[in-house]
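Summary of structural features
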Amino acid sequence: MSYFKILGIVFGLAAMLKPFYMHLIPWDENKFIAKAYSKKRPKWITPIAIVGLLLVGITWYKELTTDIPYSLVITIIFSLTAIKAIFFIFDYEKFQKWVAGMLTKGGGKKIVLVDILAGVLGLIVLIASIIIY
């Protein structure tokens, strides 16, 4: 199985299932999100962001050194996660304010919308990974 198929399936499943495990399982997801992205940057954020950026780097290395059809699609979509990682490392306060704003306005409905969009993108990536590779 190719690296891009594995990446697409894992990334696609994680994104596709996000609305379910964040909002359909009965628990207070808004409280969890507020705690996970507290005003003071938690210690786990920077190492996770660095690992994410390394994985994006590995993905680009694989893209540039292999000849797998349509791998650029997965590479670009997966590379979008680097935006969040860069905010985690360089401007966490701005990211935290954005998340806090979404939690306070409308009872967290914007968070639900973001997660639904992530779920749709995840489904597309999952289907594409299974069909293409």
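These notes cover the structure that comes with them. (Residues numbered from 1 in each chain as written. Predicted model: local features only at pLDDT ≥ 70, side-chain atom pairs only at ≥ 80, totals over all residues. Heavy atoms only, no water.)

**Thoughts on the environment of Lys5**
Relative to the elements of secondary structure, Lys5 occurs in helix α1 (residues 3-24). Residue classification places Lys5 among the buried positions, given a relative accessible area of 18%. What Lys5 contacts, discounting residues up to four positions off in sequence, is Ser129, Ile130 and Tyr133. (Helix = DSSP H or I, 4+ residues; strand = E, 2+ residues; numbered from the N terminus. Buried < 20%, exposed > 50% of the residue type's maximum accessible area, 1.4 Å probe, protein only. Contact = heavy atoms within 4.5 Å.)

**What about helix α7 (residues 109-132)?**
Between its first and last C-alpha atoms α7 spans 34 Å; for 24 residues at 1.5 Å apiece the expected length is 34 Å, and the two agree. Ile111, Asp115, Gly119, Gly122, Val125, Leu126 and Ser129 are the residues of α7 that are buried. At its buried positions, α7 is contacted by α1, α2 (29-36), α4 (71-79) and α6 (92-104). (Expected span 1.5 Å × (residues − 1).)

**Some points on the packing of α1 against α4**
Two elements in contact, α1 and α4, have axes whose closest approach is 10 Å; the angle formed by their N-to-C orientations is 40°. The angle between α1 and α4 places the two elements in the oblique class. Seen from above, α1 lies across α4 with left-handed handedness. Taking contact as the criterion, the partners of Phe4, Leu7, Gly8 and Phe11 in α1 are, on α4, Ser71, Ile74, Thr75, Ile77 and Phe78. (Axes fitted to C-alpha atoms, helices over the stretch in contact; angles between N-to-C directions. Parallel < 35°, antiparallel > 145°, perpendicular 65-115°, else oblique. Left-handed = near helix turned anticlockwise from the far one by under 90°.)

**Let's talk about the environment of Ile50**
Turning to its location among the elements, Ile50 is positioned in helix α3 (residues 45-65). Separated by 39 residues in sequence, Ile50 and Ile89 have C-alpha atoms that sit 8.1 Å apart.

**Some thoughts on the packing of aromatic side chains**
Summed over all chains, the structure comprises eight aromatic pairs. A ring pair is formed by Tyr37 and Trp44, whose centres lie 6.4 Å apart and whose planes are at 45°; its orientation type is tilted. Tyr37 sits in the buried class, given a relative accessible area of 15%. Members of the aromatic cluster, each reached through a chain of ring pairs, are Tyr37, Trp44, Phe88, Phe95 and Trp98. (Phe/Tyr/Trp six-rings, centres within 6.5 Å; stacked < 30°, edge-to-face > 60°.)

**A look at α6**
Think of an α-helix as 3.6 residues a turn; residues three or four steps apart then line up on the same face. Along its 13 residues, α6 runs 18 Å from first to last C-alpha, staying within 8% of the 18 Å computed at 1.5 Å per residue. Residues of α6 that are buried in the fold lie against α2, α3, α5 (81-90) and α7.

**Examining the nonpolar core**
Formed by 13 residues in total, the largest nonpolar core has its most connected members in Ile33, Tyr37, Phe88 and Val99. Looking at this core, the elements with two or more residues in it are α3, α5 and α6. Looking at this core, the element that brings in the most residues is α6, giving five residues. If near-sequence neighbours (up to four positions away) are discounted, Ile33 is found in contact with Met22, Val99, Leu103 and Ile111. Core analysis: the second largest hydrophobic core is formed by eight residues, Phe4, Leu7, Ile77 and Val125 among them. (Core = buried A, V, L, I, M, F, W, Y, C linked by side-chain atoms within 4.5 Å.)

**Observations regarding the side chain of Thr75**
Looking at where Thr75 falls in the secondary structure, it is placed in helix α4. Not counting residues within four places of it along the chain, the set of residues in contact with Thr75 comprises Phe4, Thr59, Trp60 and Glu63.

**Concerning the environment of Thr66**
With respect to the element layout, Thr66 can be found in the loop between α3 and α4. In the structure, Thr66 is positioned 40 residues away from Pro26 in sequence and 44 Å away in space, judged by C-alpha atoms. A polar atom in the side chain of Thr66 sits 2.4 Å from the backbone oxygen of Lys62. (Polar contact = N/O pair within 3.5 Å; in protein donor to acceptor, adjacent residues only side chain to side chain.)

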